[in-house]
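For reference, the chains in residue letters:
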Amino acid sequence: MVNETPNGSLIGDVERFVEQGLYPEPGQRARSDYRNYDSPARDTVREFYRQNHRWQTYEFVSQQRQKYLGLNRCRMSIFEALDFLNTLVDDSDPDIDLDQLQHLLQTSEAIRADGHPDWFVLTGLLHDLGKVLCLWGEPQWAVVGDTFPVGCQFSDRIVYPEFFADNPDRQDSAYSTLHGIYQPGCGLRNVLMSWGHDEYLFHVLREYLPEPSLYMIRYHSFYAWHREEQYDWLCDDHDREMLSWVRKFNPYDLYTKSPVAPDWKTLRPYYSELISRYLPEQIAF
Ligand SMILES: [Fe+2]
Ligand SMILES: [Fe+2]
């Protein structure tokens, strides 16, 4: 059930989508009609995007922002949030052996091993924490997957662009022109992105982390921008400067799989100290 049930397997599939080679290399046409009958995961991902592109409208995004951005759901420490997120464990797909915490740790440990600043390491650890939305009953198409602006024309370089044919905003004269409701150069901060874990976590952490970290968190699934080079017309110079950080983060998110799983028990004191350097004990979600 793509629509209703939190399921670690699908989240893993969708998050690994680029890695599976379905996204075109820059300069190639999207292989959007590709079907691989040897890989049921691929069709599951396809079905995921059919729903995502159908339901992520300007109105839906506005409603979700109303619902969540008051941050009055609960207060948790980062450790409590990590534990909570980790209840999203995949036990149905033998190919996906990473739980959510392992993905976060592998990302942060790879960033640390490359000698990046501490806030970059912390960003690796936290970047998917917004997936707690799943545990509050949100359908997966409203939590994970690639993100894109709503309120203007959908780029045909977004994955599975043909599914936007079913999005009601396509028929809306205000939202369906190239620029839609936006002034060119208005800056991404003034753009409504499709709703998911990226935008949500940005708002949860916005007071605490440095600007490049917040860009990595907010736009890490905006592949149409950071990989496909679309939507530059929405950007201002600040966005363009921050884009290099978003790109720097991406390989750690996608390709980090160390042969030896990081041991949370051993690493916990290091991360505990790192978290306390930037974040208060309790955070509003
Ligand atoms: Fe993510
Ligand atoms: Fe991730």
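Residues numbered from 1 in each chain as written. Chains lettered and ligands numbered in written order. Predicted model: local features only at pLDDT ≥ 70, side-chain atom pairs only at ≥ 80, totals over all residues.

Helix and strand content of the protein: 12 helices and two strands. Starting at the N terminus, the α and β elements of the protein follow one another as α-α-α-β-α-α-α-α-α-α-α-α-α-β. Within the protein, residue pairs in contact and separated by at least 24 positions form 77% of the contacts whose partners lie at least 6 positions apart. (Helix = DSSP H or I, 4+ residues; strand = E, 2+ residues; numbered from the N terminus. Contact = placed C-beta atoms within 7 Å.)

Counting buried positions along helix α9 (residues 211–219) gives seven out of nine residues, so the element sits mostly inside the fold. Every buried residue belonging to α9 is among Ser-213, Leu-214, Tyr-215, Met-216, Ile-217, Arg-218 and Tyr-219, and all of these are buried. Buried positions along α9 lie against α6 (118–126), α8 (197–205), α10 (223–226) and α11 (237–255). (Buried ≥ 20, exposed ≤ 12 C-beta atoms within 10 Å, placed from the backbone.)

Where α8 contacts α9, the axes come no closer than 7 Å and their chain directions differ by 150°. It follows that α8 is roughly antiparallel to α9 by the angle criterion. Each of Asp-198, Glu-199, Leu-201, Phe-202 and Leu-205 in α8 lies in contact with α9, whose residues at this interface are Leu-214, Ile-217, Arg-218 and Tyr-219. Per-class residue counts for the contact of α8 with α9 are six nonpolar, no polar and three charged. (Axes fitted to C-alpha atoms, helices over the stretch in contact; angles between N-to-C directions. Parallel < 35°, antiparallel > 145°, perpendicular 65-115°, else oblique. Nonpolar A, V, L, I, M, F, W, Y, C, P; charged D, E, K, R; others polar.)

Glancing now at the packing of α6 against α9. Viewed as axis vectors pointing N to C, α6 and α9 meet at an angle of 20°, and their least axial separation amounts to 9 Å. Classed by the angle they form, the pair α6 and α9 counts as roughly parallel. For α6 against α9, the interelement crossing comes out right-handed. Residue-level contacts link Trp-119, Phe-120 and Thr-123 of α6 to Ser-213, Met-216 and Ile-217 of α9. For the contact of α6 with α9, the class distribution of residues is four nonpolar, two polar and no charged. (Left-handed = near helix turned anticlockwise from the far one by under 90°.)

A residue-level look at the protein finds 83% of positions with pLDDT of 70 or above and a mean pLDDT of 87. A low-confidence stretch, residues 1–8 (pLDDT under 50), is modelled with 14 contacts involving residues beyond four sequence positions or located in other chains. Every residue in residues 90–96 scores below 50 in pLDDT, and together they form 10 contacts with partners more than four places removed in sequence or on other chains. (pLDDT = per-residue confidence, 0-100.)

Moving on to the nonpolar core. By size, the foremost hydrophobic cluster in this structure holds 65 residues, and its most contacted members are Leu-125, Leu-201, Leu-205, Phe-222 and Ala-224. With near-sequence residues (within four places) excluded, Leu-125 lies in contact with Leu-104, Leu-105, Ser-108 and Tyr-271. (Core = buried A, V, L, I, M, F, W, Y, C linked by C-beta atoms within 7 Å.)

The subject of this paragraph is α8. Counting buried positions along α8 yields eight of nine residues, so the element is predominantly enclosed. Inspection of α8 places His-197, Asp-198, Glu-199, Tyr-200, Leu-201, Phe-202, Val-204 and Leu-205 among the buried residues, and these make up the whole buried set. In this fold, the buried residues of α8 make contact with α3 (58–68), α6, α7 (132–135), α9 and β2 (283–284).

Here we take up unusual backbone geometry. A positive phi angle, near 50°, is found at Tyr-160, a position not held by glycine. In this fold, Tyr-160 is placed in the loop between α7 and α8. Of note, Tyr-231 is a non-glycine position whose phi angle comes to about 65°, a positive value. Counting through the fold element by element, Tyr-231 comes out in the loop between α10 and α11. Tyr-231 gets classed as buried once you count the C-beta atoms within 10 Å, which come to 22.

What follows concerns the environment of Ala-174. Turning to its location among the elements, Ala-174 is positioned in the loop between α7 and α8. C-alpha of Ala-174 to C-alpha of Gly-151: the two residues are 23 residues apart in sequence and 7.5 Å apart in space. Not counting residues up to four positions away in its chain, the partners in contact with Ala-174 are Gly-180 and Ile-181.

Turning our attention to the environment of Ile-275. Topologically, Ile-275 is positioned in helix α12 (residues 264–278). Through-space distance from the C-alpha of Ile-275 to that of Ile-78 is 7.7 Å; in sequence the pair is 197 residues apart.

A few words on the environment of Pro-212. Inspection of the secondary structure assignment puts Pro-212 in helix α9. The exposure class of Pro-212 is partly exposed, given the 19 C-beta atoms found within 10 Å. Expressed as a C-alpha distance, the spacing of Pro-212 and Trp-119, which sit 93 residues apart in the sequence, is 9.2 Å. The contacts of Pro-212, once residues within four sequence positions are left out, are Met-242 and Trp-245.

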